[in-house]
Amino acid sequence: MKIVLYTQRVEIVRSYGERRDCADQNIPRFIRACGYLPVPLPNILDIAAEMVMEMKPAGILLTGGNSLVKYGGDAPERDKMEKGLLDLALEHKIPVYGFCRGMQVILDYFGCALKETGGHTAVRHKVTGDIGQLDVNSYHNQSCFHVKEPLQVLAQTDDGVVEAVYYKEGHFLGTMWHPEREQPFRDADKRRMRLLFEKEESI
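Remember, it's a predicted structure, so these values are computed and weren't measured experimentally.

What about the pattern of salt bridges?
Counting across every chain of the model gives 15 salt bridges. The salt bridge partner of Asp108 is Lys70, with a shortest N-O separation of 3.1 Å. Highlighted residues: Asp108 in helix H4 (residues 101–109) and Lys70 in the loop between strand E5 (59–62) and helix H3 (76–92), separated in sequence by 38 residues. Accessibility expressed as a relative area gives 26% for Asp108, which makes it partly exposed.

Okay, structure coming up:
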């Protein structure tokens, strides 16, 4: 079975002096439902990079949680690790799917700015674009309104928030919605990730 590596959020437990990596259990469930073996990555760049090179994954999933440090977050080790993953992914042609924070990491990597926005946290709304018209969940308070090449906008909301992006040559996909928070998992989300990780021409 092909492996998909996924990133984790950083939780700071001050009473123990610990910085813990963790992820919603629905993330590996979603990856397995797509037909892959899920393997979590630590927020330690050299170890994560070694895992990528040794395991040769079908793809990498950048998950939600933790704002980027430049937008008020407190997990610089995660920012560094995920930027390093994108460097590796481009160099070795490994597909990447980022959702919520994961899409924001992709946007930031290509120099696309985020802005504080209201009305997009713990709600559902419609998005439209090349990806079609979808009703999606929303759990973000920072948004992008303009993207730069090589990213292509796949979906936006009525208020102009970019909700999905694609970099065809690099096999990078980003969505602001969480596929693992749909119960049951949506067939369209599973199909989209499989097409991306199998490097199909169209997602």
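Details of the sheet that holds strand E12 (residues 162–167)
Strands sit in the order E4-E1-E5-E6-E13-E12-E11 across an open sheet of 7 strands; the sheet is mixed. In the strand order of this sheet, the two ends are held by strand E4 (37–40) and strand E11 (152–156), each with one partner. Taken pair by pair, the neighbouring strands of this sheet meet at an average axis angle of 20°, ignoring direction. Inspection of the sheet shows E12 paired to strand E13 (residues 172–175) by 4 bridges, in the antiparallel sense. Counterpart to Tyr166 in the pairing with E13 is Leu173. On top of the sheet, helix H5 (residues 187–197) reaches strand E1 (3–6), E5, strand E6 (96–99), E12 and E13; it is set at about 145° to E6, its chief contact.

Overview of the environment of Ile203
Inspection of the secondary structure assignment puts Ile203 in the segment after H5. Beyond its immediate sequence surroundings of up to four residues, Ile203 is in contact with Leu154, Tyr166, Leu173, Arg192, Leu195 and Leu196.

Focus on the packing of helix H1 (residues 26–33) against H5
Two elements in contact, H1 and H5, have axes separated by 9 Å at closest approach and are oriented at 70°. Comparing their axes, H5 and H1 come out roughly perpendicular. Residues Phe30, Ile31 and Ala33 of H1 lie in contact with H5, whose contacting residues are Asp189, Lys190, Met193 and Arg194.

Concerning empty space enclosed by the protein
What the rule picks out here adds up to 1 cavity of 30 Å³ or more. Lining the largest cavity are Tyr97, Leu173, Thr175, Asp189, Arg192 and Met193. Going through the elements one at a time, E13 and H5 are the ones with two or more residues in the lining of the largest cavity. When residues of the lining of the largest cavity are assigned to their parent elements, the largest contribution, 3 residues, is made by H5.

Parameters at a glance
Residues numbered from 1 in each chain as written. Predicted model: local features only at pLDDT ≥ 70, side-chain atom pairs only at ≥ 80, totals over all residues. Heavy atoms only, no water. Salt bridge = Lys/Arg side-chain N within 4 Å of Asp/Glu carboxyl O. Helix = DSSP H or I, 4+ residues; strand = E, 2+ residues; numbered from the N terminus. Buried < 20%, exposed > 50% of the residue type's maximum accessible area, 1.4 Å probe, protein only. Pairing = 2+ DSSP bridges. Axes fitted to C-alpha atoms, helices over the stretch in contact; angles between N-to-C directions. Contact = heavy atoms within 4.5 Å. Parallel < 35°, antiparallel > 145°, perpendicular 65-115°, else oblique. 1 Å grid on protein atoms, 1.4 Å probe; cavity = no way out; pocket = protein on both sides within 12 Å on 5 of 7 lines; lining within 4 Å. Points joined across faces, edges and corners; volume = space filled by probe spheres on them.

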